[in-house]
Amino acid sequence: MNTKVVVLNAGKVNYDGRIDFSILSEDTVIYEDSTLADVLPRIAGAAAIVTKEMVLPADLVRQFPESVRLIVEAGTGYNNIPLDAAKEKGITVCNIPAYSTQRVAHTAIMLLLALSSTLQVQLAMLQRGDRTNFTKCLQVPHYEVNGKTLGVIGAGHIGKEVMKVAWALDMEILVYTRTPRQNEDHITYTDLETVLRQSDYVTLHCPLNDQTRHLINKERLALMKPAAFLINTSRGALIDEAALIDALQHHRIAGAGLDVQETEPPAGTNPLYTLENVILTPHMGWKGQETRQRLLGIIHDDIRSFFAGTPINVVSQ
């Protein structure tokens, strides 16, 4: 039985050399990175392919050799894999759900708390030698989060974990999700417009697809309170970045915490790097050491289960 596994861009996960992809199979070939031109020659004879946030064009997948029976996206979102093309080729696609739930949720909460204390401005002041926050009155806004309203868009594993922590912080919680749900003791489910209008903080936790791309656009940003903050730890393209930058530059909203961007990494000239009302982090939510080790374990389980004829975490077959 062919159990050859090819990892096309291991460096995306193993950027610090601490993750051992060789445990996936007795026959594992590991590449730190691959261009699209590299893909076909590298996967020749492979039964399973592992990628991390690597865009695979449909035309390329249609050229995959007949030996390829499985693609594992080493993450939760699989918008980078053309499912229709994979299905045409009889290739099963699996993802890695829930491996980073707490770490991503905690990143969202970290951004929320930092924004509430204008922490990014305070650190920048110290870096340039300005100590007036210590020698005079506090020079920046500083808000409590208890009693404030958190709007959660998307109620999957990560969204629910964010709600749990927000409730512990004594926040009111409004939720928009496409699947109708009954209100809970401390959670109110409502429509998207109500979430945007009434929330002091809005955090995004939904997948990227044709329906959610630019879910937050110019018109929806205009619904938010001028004192509200927007947080995104899901996918950058959920937000129309140009519209967000304009809203931030003109202070139509108070600020944003962005662990994901529409283009990663952002271009060197992107204003998000320098806007004082923005906290920008490098898609770090899933990059905890323990998180990546858990990721590898679930990739291992996906591959072994597939080869055993009992596939798990299947998103398309």
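Before reading further, recall that the structure is shown in the block above.
Structure report, in brief. (Residues numbered from 1 in each chain as written. Predicted model: local features only at pLDDT ≥ 70, side-chain atom pairs only at ≥ 80, totals over all residues. Heavy atoms only, no water.)

A look at the environment of Arg294
Its location among the elements puts Arg294 in helix 11 (residues 289–307). Between the C-alpha atom of Arg294 and that of Glu144, which follows or precedes it by 150 residues, the distance is 34 Å. (Helix = DSSP H or I, 4+ residues; strand = E, 2+ residues; numbered from the N terminus.)

Notes on the pairing of strand 3 (residues 48–51)
Neither face of strand 3 is exposed, since Ala48 and Val50 on one face and Ile49 and Thr51 on the opposite face are all buried. Judged from the 3 bridges that link them, strand 1 (residues 5–7) and strand 3 form a sheet pairing that is parallel. Bridge assignment links Val6 to a residue of strand 3, and that residue is Ile49. Pairing geometry for strand 3 and strand 4 (residues 70–73), over 4 bridges, is parallel. Residue pairing for strand 4: Ile49 is matched across the bridge by Ile71. (Buried < 20%, exposed > 50% of the residue type's maximum accessible area, 1.4 Å probe, protein only. Pairing = 2+ DSSP bridges.)

Thoughts on a nonpolar patch on the surface
Together, Leu119, Leu123, Leu126 and Phe134 make up an exposed nonpolar region whose accessible area comes to about 410 Å². Per-element tally for the nonpolar patch: the top contributor is helix 5 (residues 119–127), with 3 residues. Mapped onto the fold, Leu119 is located in helix 5. According to the relative accessible area criterion, Leu119 is partly exposed, its value standing at 37%. (Patch = residues over 30% accessible without salt bridge, like charges linked within 9 Å, V, L, I, M, F, W, Y side chains within 5 Å. Areas by Shrake-Rupley, 256 points an atom, 1.4 Å probe, with all protein chains shown as cover. Salt bridge = Lys/Arg side-chain N within 4 Å of Asp/Glu carboxyl O.)

Quick look at the nonpolar core
Counting residues in each nonpolar core, the largest one holds 29 residues, and the members touching the most others are Ile153, Leu221 and Leu230. For this core, the elements supplying multiple residues, two or more each, are helix 8 (192–198), strand 9 (201–204), helix 10 (241–249) and strand 11 (255–258). Beyond its immediate chain neighbours, meaning those up to four positions away, Leu230 contacts Val202, Leu204, Ile216, Leu221, Met224, Ile239, Leu244, Ile253, Gly255, Ala256 and Gly257. (Core = buried A, V, L, I, M, F, W, Y, C linked by side-chain atoms within 4.5 Å. Contact = heavy atoms within 4.5 Å.)

Remarks on the pattern of salt bridges
Applying the stated criterion across every chain yields a total of 11 salt bridges. One salt bridge connects Lys89 with Glu66, and the closest N-O pair in it is separated by 3.2 Å. Linking Lys89 in the loop between helix 3 (83–88) and strand 5 (92–94) with Glu66 in the loop between helix 2 (58–61) and strand 4, this pair joins segments that are 23 residues apart in sequence. Looking at Glu66, the relative accessible area reads 65%, which means it is exposed. Residue Arg252 is joined to Asp246 by a salt bridge in which the shortest nitrogen-to-oxygen separation is 2.5 Å. Since its relative accessible area comes to 44%, Arg252 is described here as partly exposed. The network of salt bridges with shared partners includes Lys12, Lys52 and Glu53.

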